[in-house]
Amino acid sequence: MMDMKVLVVGGGGREHAITRALSCNSDVRIFSVMARKNPGIARIAERVLLEKETNIPKIVAFAVDCGVDAAVIGPEAPLEAGIVDHLEAAEIPCVGPTRAAARLETDKAFCRRLMERHGIAGCPEYRVCHEPEEARRFIEAYGGDLAIKPIGLTGGKGVRIMGEHVDVAGAAEYIREIGGDVVLEERLIGEEFTLQAFVDGEHLVPMPLVQDHKRAYEGDVGPNTGGMGSYSLPDHMLPFVSRSDYEKALRIMEDMVAAMQDEGTPYRGILYGQFMNTCDGPKVIEFNARFGDPEAMNVLSLLSSDFSAIVRHIIEGDLSPSHVRFAHKATVCKYLVPEGYPEAPMAHEPLVLGDYGDALLYYANVEERDGKLYTLTSRTLAFVGMGETLEEAEAIAEKAASSVSGSVFHRRDIGTPELLEKRCRHMREIA
């Protein structure tokens, strides 16, 4: 298809990565909807609608007016609001699941019950509760540590882990605060990894493994965030995930896609599997119905095949591994965040970019006024270094992140050999 018009919904770092990957094909014309102007996306897009990403009627009208051929949905909130259902009713096919299929992310109870119903491996012990008192009784009777997960969307920050964030009393109090709709799950011990895949409703093609870093400060301490950065390796694997563990995780993803099809809600778009590699193999922490942020920046920076062609194959339902190629390089993504993030971020502070060398720059929650950049309340900019080795990629990302001056900080330890060895040692200890 010559001159393909694609709408990208969302305005964060993930969506800048999506937009950049699409723009590698000069025949693709890009249109954007975002709640706040992302300078990186705005420079690439032909037309921009500044609008809440959940204002579905406005977005559909804009898409129709632009005559787009397809839409790629970045964040989870518009998926939960049914954006795909409405765009497809207007004959605009989407890379993103319908509202019913997006429940894999937006309804944690639905996800666990689906896994149980279809006998899918990797499901931890769990209990769904709708009343604070019921949850408190279960916690007190359980006798071990649990993960407390609000049933709905929380922007990656709603989970509390007993023994790490809260004790029994603190867990009961947190559940009362959020109204009692929770999934209580056994606490998983191990190393997390992310497996993302392109899915056309039936066929699934995996992307390189990535490890994200949620904790705000170096050494994996401090409050949880949306993700401070991530890395991937040249062989697209991780040293603490064996080939057998990888095959098990991939099979779980394939079984979920098959289960969704069996249930009459075929899944199309990006499927994100967040796994904990435990001494019993990979267990599912959660599924997301879209690219991870920051993990999208790792994999899309590596993508060497035409992303617009992958979009077309997803839409047409004939996706195959031959359509998807990634460079065999390492990547390190480092996010810059405002001082005080995540609890009390300093907004509207000036930022100055230095010489960021060979790194790729992705704009996220940042404002541009009169050619100058300012922080907002969330993650600001991300730099991705790519190299033949992890050390080379980390050095490129670190040099770039350190070149920025202003009231921001980043985790210097992401992608370092020391941190990777710490993860491997932890995996050896629990094995």
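Residues numbered from 1 in each chain as written. Predicted model: local features only at pLDDT ≥ 70, side-chain atom pairs only at ≥ 80, totals over all residues. Heavy atoms only, no water.

**Q** Would you mind going over the nonpolar core with me for this structure?
**A** Nonpolar side chains in soluble globular proteins tend to end up buried together. With 68 residues, the main nonpolar core has L7, I83, L87, L104, F240 and F287 as its most contacted residues. Among the elements that line this core, the one with the most residues is helix 10 (residues 243–262), at nine residues. Among all residues touching F240, those that are not within four sequence positions of it are E191, E192, F193, Q211, Y231, N277, L420, R423, C424 and M427. Judged by nonpolar contacts, the second largest core, of 39 residues, contains A45, M207, F307 and F326. (Core = buried A, V, L, I, M, F, W, Y, C linked by side-chain atoms within 4.5 Å. Buried < 20%, exposed > 50% of the residue type's maximum accessible area, 1.4 Å probe, protein only. Helix = DSSP H or I, 4+ residues; strand = E, 2+ residues; numbered from the N terminus. Contact = heavy atoms within 4.5 Å.)

**Q** Please explain helix 14 (residues 417–430) as it appears in this structure.
**A** Between the first and last C-alpha of helix 14 there are 20 Å, a value that for 14 residues agrees with the 20 Å anticipated at 1.5 Å per step. Within the span of helix 14, buried status applies to L419, L420, R423, C424 and M427. The buried residues of helix 14 occupy an angular sector of 140° when projected down its axis, which confines them to one face. Exposed positions of helix 14 whose direction lies more than 90 degrees from the buried face are E418, R428 and E429. Turning to helix 14, the residues buried within the fold contact strand 10 (191–200), strand 12 (211–212), strand 15 (229–232), strand 16 (268–278) and helix 13 (390–402). (Expected span 1.5 Å × (residues − 1). Arc of directions from axis to C-beta.)

**Q** For this particular structure, what's the right way to read the sheet that holds strand 17 (residues 281–288)?
**A** The antiparallel open sheet is built from four strands, whose spatial order is 11-10-16-17. Of all the strands in the sheet, the pair left with one neighbour each is strand 11 (204–206) and strand 17. For this sheet, the mean inter-axis angle between neighbouring strands, taken without regard to orientation, is 35°. For strand 10 and strand 11, the ladder comprises three bridges, and the chain directions are antiparallel. Counted as the bridge partner of F198 is V205 from strand 11. Contacting strand 10 and strand 16, helix 12 (residues 307–316) runs over the sheet at an angle of about 70° to strand 10. (Pairing = 2+ DSSP bridges. Axes fitted to C-alpha atoms, helices over the stretch in contact; angles between N-to-C directions.)

**Q** Can you walk me through the pattern of salt bridges in this structure?
**A** All chains considered together, the criterion is met by 37 salt bridges. Between R176 and E173 there is a salt bridge; the shortest N-O distance is 2.6 Å. With R176 and E173 both in helix 9 (residues 168–177) and three residues apart, this pair spans about one turn of that helix. Residue classification places R176 among the partly exposed residues on the basis of a relative accessible area of 47%. For E173, a relative accessible area of 34% corresponds to the partly exposed category. Across the salt bridge formed by E247 and R243, the nearest N and O atoms sit 3.6 Å from each other. Residue E247 and its partner R243 are located together in helix 10, separated by four residues, close to a single helical turn. In this structure, a network of salt bridges that share partners links the residues E191, D220, R411, D413, K422 and R423. (Salt bridge = Lys/Arg side-chain N within 4 Å of Asp/Glu carboxyl O.)

**Q** Is there a simple way to think about the state of the cysteines in this case?
**A** Every disulfide links exactly two cysteines, by a covalent bond between their sulfur atoms. Scanning the entire structure with this criterion turns up zero disulfides. For the unlinked cysteine C129, the closest cysteine sulfur is that of C123, found at 15 Å. Unpaired in this structure, C424 has its nearest cysteine sulfur neighbour in C279, at a distance of 17 Å. (Disulfide = S-S within 2.5 Å.)

**Q** Looking at this structure, I do not really get the packing of helix 1 (residues 13–23) against helix 11 (residues 295–302). What am I missing?
**A** Helix-helix packing is described using two parameters, namely the angle between the two axes and the distance between the axes. Here helix 1 crosses helix 11 at 10°, and the two axes come no closer than 8 Å. With respect to helix 11, the element helix 1 is oriented roughly parallel. When helix 1 is examined against helix 11, the residues G13, R14, A17, I18, R20 and A21 are found in contact with a partner set consisting of A296, M297, L300 and S301. By residue class, the composition of the contact of helix 1 with helix 11 is six nonpolar, two polar and two charged. (Parallel < 35°, antiparallel > 145°, perpendicular 65-115°, else oblique. Nonpolar A, V, L, I, M, F, W, Y, C, P; charged D, E, K, R; others polar.)

**Q** Would you explain the packing of aromatic side chains in this entry?
**A** Describing an aromatic ring pair means giving the distance of the ring centres and the angle of the ring planes. Taken as a whole and assessed by the stated rule, the structure comprises seven aromatic pairs. Between F193 and F275, the ring centres sit 5.3 Å apart and the planes meet at 15°, which makes this aromatic pair stacked. Placement of the pair is F193 in strand 10 and F275 in strand 16, with a sequence separation of 82 residues. Judged by relative accessible area, F193 falls into the buried class, the value being 0%. Note on F275: relative accessible area 0%, which makes it buried. Both rings, one in Y217 and one in F409, keep their centres 6.0 Å apart while their planes meet at 40°; by these two values the pair is tilted. Remark: F409 occurs in strand 25 (residues 408–409) and Y217 occurs in strand 13 (residues 215–217); sequence separation between them is 192 residues. In this structure an aromatic cluster arises from ring pairing among F198, F291 and F307. Between R103 and the ring centre of F110, over which it is positioned, the NZ or CZ distance is 4.0 Å. Between R160 and the ring centre of Y174, over which it is positioned, the NZ or CZ distance is 4.4 Å. (Phe/Tyr/Trp six-rings, centres within 6.5 Å; stacked < 30°, edge-to-face > 60°. Lys NZ or Arg CZ within 6 Å of the ring centre and 35° of its normal.)

**Q** In this structure, what is going on with unusual backbone geometry? I would like to understand it.
**A** Excluding glycine, most residues fall at negative phi; most peptide bonds, likewise, are trans. The residue after Y341, namely P342, is reached through a cis peptide bond having omega 5°. One can find P342 in the loop between strand 18 (330–338) and strand 19 (350–352). Non-glycine residue H236 carries a positive phi angle of around 65°. Inspection of the secondary structure assignment puts H236 in the loop between strand 15 and helix 10.

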